[in-house]
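Examining the three-dimensional arrangement
Below are the chains, spelled out letter by letter.
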2 protein chains.
Amino acid sequence: MAASAPIKPTIYLGSFVHSTSLSELELADKGAIGVDETGVIAFVERAVENVEDVKAKNEGFTEANVVEVKDGFFFPGFIDTHTHASQHPNTGLFGQTTLLDWLQTYTFPMESSLSELSKAQTVYSNFVSRTLSHGTTTAAYYATIHVPTTNLLADICLSRGQRALVGRVCMNTDLSPEYYRDVSEEQALSDSRASIDYIRSIDPKGEIVQPIITPRFAPSCTSTCLSHLGALAKETGAHIQTHIAENKPEVVLVASLFPTSKSYTDVYDTAGLLTPKTILAHAVHLSGPEISTIKARGAKISHCPASNTAITSGCCPVRELLDEGLTIGLGTDVSGGFSPSILEECRQAIWVSRFRAMSSAENSKLSTEEVLYLATRGGAAVVGLEDRVGGFEVGKEWDAQMIVLNPVPEGGAPEGKFEGGVDVFGFETLEERVQKWVYSGDDRNTVAVWVRGRLVHRTGKYLA
Amino acid sequence: MAASAPIKPTIYLGSFVHSTSLSELELADKGAIGVDETGVIAFVERAVENVEDVKAKNEGFTEANVVEVKDGFFFPGFIDTHTHASQHPNTGLFGQTTLLDWLQTYTFPMESSLSELSKAQTVYSNFVSRTLSHGTTTAAYYATIHVPTTNLLADICLSRGQRALVGRVCMNTDLSPEYYRDVSEEQALSDSRASIDYIRSIDPKGEIVQPIITPRFAPSCTSTCLSHLGALAKETGAHIQTHIAENKPEVVLVASLFPTSKSYTDVYDTAGLLTPKTILAHAVHLSGPEISTIKARGAKISHCPASNTAITSGCCPVRELLDEGLTIGLGTDVSGGFSPSILEECRQAIWVSRFRAMSSAENSKLSTEEVLYLATRGGAAVVGLEDRVGGFEVGKEWDAQMIVLNPVPEGGAPEGKFEGGVDVFGFETLEERVQKWVYSGDDRNTVAVWVRGRLVHRTGKYLA
C-alpha cells in the first residue's frame, strides 16, 4: 500500500503498553484506540466492555475495522537511531577486532561492494524486512558512499512503508582505502547534495523517508569536508548523523588529526555539525565539557550497547548522560552490533548498565521501563519525530507493533512447537508479561507492525 | 523411543564442527560419521564424494539410514551444567533484585508450588522441551525439595531421552521460608536418599538420568546437614551440585553463618562435598586459596554469565580460572538466567569477558572457539561425561544437533518469512557461518537433536 494512501478507520482493541515518562510504563487492559483514515490516533478509551459502544460513540468509526490482540498487547514501534544497512551481510562477523581494524577487515570491503545495484537490492531489501520483523518502524540508516544505491535504500523504505532517515556516507581521507572513498571534497559535497535532492523528490513532505547528512566520523573527513557538510545542513535544514567517541584509540586518533581542536566534540562543533537535528552515535568516552557542548547545541545521542560490547569499545555512561539532560535513543549499529533488533538492544543496554553497576557506578542500573522509553520516546526525540510517534496519545500517528506471547498448554508444549521464546503460564500480570517479553522475546512475538496506520509487516498466521 | 532401544545404523553426511581444544574448532566439509545401533560413533570420514562408497566400506552400514545436512552443519549437543527446571515459569522475572532478595521474592514461592504433580508435569515437561529445542542434550537440573516431583522430572528426562543429572534440593535453615524447607536434618538426608534410590531404579546404569546430591547453597543448610550429604555422596558415589560465591553479600553471609570456616570453599570441603564429581555454580568471588582447594579436590565449575549479569552478581574471572587449570562448563541458571539456551550463554560468556577486558583485565576476552569448547567438551567434563560426549570421535556417543542457516534469496527475503535469526548471503566460509550462528542464531537454527543416536527433537519441516 502506498505510504500515504487513505486507510479504513480502524479500532485496535485489547491491552496497550507505552511509556509515559523515563521511569514509567502505562499498562492498560481492555483499551481501545481509534486510528483515522490518515493513520492518526483519533481517540483512546479505557475499560472498554463492548466494541460496538466504541463504534457508536465515535464519529467516523461506525464501520471501522476492528483489530484485537489476544494473549498479548500493542506497543509503540521501535526507533533504531543508528544502523548501517550496508553492513547487514557482516552481521555476527567481528571476531576479536576493535573499531579501527574492524573497519579495515570487515566493513570497507563489504560497503564498497554495494556499488552494485543488484547486490544492494538484495541486502537493503532483506535488511528492511529484518528490521520491520523486529518491530522497527523508524530507522536512521547509513548506506554507503554510492548515490544510486543509497537512493535505492530510500526507495525500498518508502515502498515498504518504513520511516527512515537515509544517509549517503561522506569519507574523503586516506583512513578509507583508495577503492572506497570520496575522491575530493567537492565530490563529497555534490554527491551528498544529489542524494538529499533525490530523497526529497520521492517524498517531498518527508512523511516516510528523509535525507540525513552523514560524515562517517571525524577521522574519515578533512576539516574542509566537515565544514562543507555543516554548511549544507544549514542550507538544506537536513538532519545530520555521525559517530563520536566510540573507542579510546579513535579519540586519540582524532586528537592527532585535528590538533587545533579542543576535543572530538569541538571538531564537529567548529564545522557547524552540532545542531538539534544531529544524531551522535556511541558517545562512550566524552569529557564533561564535551557533554555540556552537546547539550548546549541540542544534539542527540544514539546509545549502541550491543556494538560497544561486541567490538569492546567501552561502556557508555547512560545514567550520567541522562542525568545531564541529554536526549538518548537506542541504536543497533549493525554490524558492529550483532542484531537488527531493538528489543535485543534493550537487553544489551540493561547488561551494560549492570556491568557498570558491578564495576564502579552503583547507581547506573537501567530498569526495564527506562530502556523501553529509550527504545520508543527517546528514539523518537533523537530522530525529531517526538510529536508524531513513540506513544499512544490522540494526535500521534499509529506506529505500533502487536506483541503476542504464547500460553503454555496444560502438560507442557508439545515437542518442538514453540512460537517465540516466551512461556506464559497464566499467573503473570500484564507488567510481568512485558518483563518476559523484554528478557526472552524475539521477532516471533512481533506478529504485526504498522506505520502511520498501514500494515507493514505481519507473520503468516496473523491478520492474514 | 525408549532411550536404550536399538536404532538403525545411520550415516550423517555434510559439514561437521566440533572443538579439538580450548582454542581450536575443527571445521570439516564433506564429512561422514557412522553411528551404530547402540548410538556410538563407529567411523569418521572426511572428503567424502559418494555416500555409497562409505556404505560399502563400513561393515554393518550397507543398509544404513542417511541423514544429510544442507545449508548448515552438525555440532555436538550442548551441556547445561547448571539450571533450575523448577524456576522455569519465572524466566525473565527478576527486576532490580539481587540474589538474596530475588530468592525470597520470586524463587521460593514458585519452587514451593511445585509440590503439585500436575503443575510440575506442565513446568518440567515444557522446560525439557525448551532445553531440547535449544540443542541441550545433557542438563544438570535442580528440582525442588519435593521427592515425588523431583522423581517426575527424572521420569520426563528419561522418557524424552535427554541426559540429565536430577537433584532434589536440600535446605533446612530459616533462610528458607517456613512453607518451603526441610523440616529436619534427618528428613533432608532421607528425602535425598529416596530420590537417589528412585532415579537409580528407573535407569540402573545411569545411561540417561543420574541422581545428584543438591545442597542448595551453604546458607540454606546447617553444618550437620552438609556433612550428612557429604557422607551420602561418599556412600552412594553420586554427583554433587551446589552454588558458591555468587554475590558479595552472600559471601559475607556465609562467613557469618560458618565462623569457624576459613572460607566459603572450606565450608563445603569440611563437609566432604568437594569431590571430582562436584559441580560448583558461579564461582564469581573466590579467593586464590579457594581456587587452589577446588583444583586440588578436582571439583568443577559451572559458569553462568547470563544469571550473573541479570541479577548483578558480578563478572566471573573465567580466563584466570582456566589459567589455574580448573574445569569449566556453561550453565543457563534459569531463572536467575533469563534464557534456557546454551547458545545465548555462549554469547553472554563473551560479553562478560569483554566487560572485564574493558574495565580491568585486558587479556580476559574469550573467543568464539573458547566458549563453544566450554559449551560442549568443557561441560561434558563438568558432568563427568567427557569420555562419552562433547565431540565427534570414534567411540563417543552421538549427542548432536543439526544446525541449518537459511540462505538469503536473490532480491532479499520475502516480507516476514524468516526461519531463524541468521542471514547467509553465500560468501561466508564455514568458519564465518559458525560465527553468524553463535552471534545471531537461536532455536530455529537447531532443526534436529540426537542423544545416543536417538532423535529427541526436531522442528516440523526437518526429518518429518
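Use the structure listed above.
Residues numbered from 1 in each chain as written. Chains lettered and ligands numbered in written order. Predicted model: local features only at pLDDT ≥ 70, side-chain atom pairs only at ≥ 80, totals over all residues. Heavy atoms only, no water.

Once that is clear, we can look at the overall build of chain A. Per the secondary structure count, chain A includes 14 helices and 17 strands. Its C-alpha atoms give chain A a radius of gyration of 22 Å, near enough to 23 Å, the size a compact globule of 464 residues would have. Considered along the principal axes of its C-alpha atoms, chain A spans approximately 65 × 50 × 45 Å. Taken across its 464 residues, chain A has 67% of its residues classed as buried. Partitioning the intrachain contacts of chain A with sequence separation of at least 6 by distance along the chain shows that 73% fall at a separation of at least 24. Working note: accessible area of chain A is about 14900 Å², and carbon and sulfur atoms make up 51% of it. Positive and negative charge centroids in chain A, built from 39 and 56 side chains respectively, lie 2 Å apart. (Helix = DSSP H or I, 4+ residues; strand = E, 2+ residues; numbered from the N terminus. Rg over C-alpha atoms; globule rule 2.2 N^0.38 Å. Buried < 20%, exposed > 50% of the residue type's maximum accessible area, 1.4 Å probe, protein only. Contact = heavy atoms within 4.5 Å. Areas by Shrake-Rupley, 256 points an atom, 1.4 Å probe, with all protein chains shown as cover. Lys, Arg positive; Asp, Glu negative; His and termini not counted. Charge placed at Lys NZ, Arg CZ, Asp CG, Glu CD.)

On to the interface of chain A and chain B. Taken together, the contacts link 69 residues of chain A with 69 residues of chain B. A per-residue breakdown of the area chain A buries against chain B is headed by Arg130, Phe355 and Met358 of chain A, which together make up 12% of the total. Linking chain A to chain B there are 6 salt bridges. Here chain A and chain B share 29 residue pairs in polar contact (both at pLDDT 80 or more) between them. Going through the elements one at a time, α3 (117–133), α10 (305–310), α12 (342–359), α14 (430–440) and β17 (454–458) of chain A are the ones with two or more residues in the side of chain A that touches chain B. Residue composition of the side of chain A that touches chain B, grouped by class: 23 nonpolar, 31 polar and 15 charged. (Buried area = accessible area lost by both parts, 1.4 Å probe. Salt bridge = Lys/Arg side-chain N within 4 Å of Asp/Glu carboxyl O. Polar contact = N/O pair within 3.5 Å; in protein donor to acceptor, adjacent residues only side chain to side chain. Nonpolar A, V, L, I, M, F, W, Y, C, P; charged D, E, K, R; others polar.)

A word on helix α2 (residues 99–112) of chain B. Residues spaced three or four apart along an α-helix face the same direction, because each turn holds 3.6 residues. Residue and element names in this part refer to chain B. At tyrosine 106, α2 is bent by approximately 35 degrees, the largest bend along its length, and proline proline 109 sits one to four residues beyond. Within α2 the residues assigned to the buried category are Leu99, Trp102, Leu103, Thr107, Phe108, Met110, Glu111 and Ser112. Where α2 is buried, its residues contact β6 (78–84), α3 (117–133) and α7 (248–257). (Bend = angle between axes of the 7 residues up to and from the residue.)

With that settled, the discussion passes to the packing of aromatic side chains. Residues and elements named next belong to chain A. Tallying each qualifying case throughout the model produces 43 aromatic pairs over all chains. When the ring of phenylalanine 73 is compared with that of tryptophan 437, the centres are 5.5 Å apart and the planes differ by 80 degrees; the resulting orientation is edge-to-face. Of this pair, phenylalanine 73 sits in strand β5 (residues 72–76) while tryptophan 437 sits in helix α14, placing them 364 residues apart in sequence. A ring pair is formed by phenylalanine 75 and tryptophan 437, whose centres lie 5.1 Å apart and whose planes are at 65 degrees; its orientation type is edge-to-face. Remark: tryptophan 437 occurs in helix α14 and phenylalanine 75 occurs in strand β5; sequence separation between them is 362 residues. On the basis of relative accessibility, which here comes to 0%, the residue phenylalanine 75 falls in the buried class. The exposure class assigned to tryptophan 437 is buried, which follows from its relative accessible area of 0%. The rings of Tyr12, Phe16, Phe74, Phe392, Trp398 and Trp450 are connected pair by pair, giving a single aromatic cluster. (Phe/Tyr/Trp six-rings, centres within 6.5 Å; stacked < 30°, edge-to-face > 60°.)

Moving on, we get to the side chain of threonine 214 of chain B. All names here are of chain B. Relative to the helices and strands, threonine 214 resides in strand β10 (residues 209–215). A polar side-chain atom of threonine 214 sits 2.9 Å from the main-chain carbonyl oxygen of isoleucine 212. A polar atom in the side chain of threonine 214 sits 3.1 Å from the side chain of glutamine 241. Not counting the four nearest positions on each side in its chain, threonine 214 is found in contact with Tyr142, Gly167, Arg168, Val169, Cys170 and Gln241.

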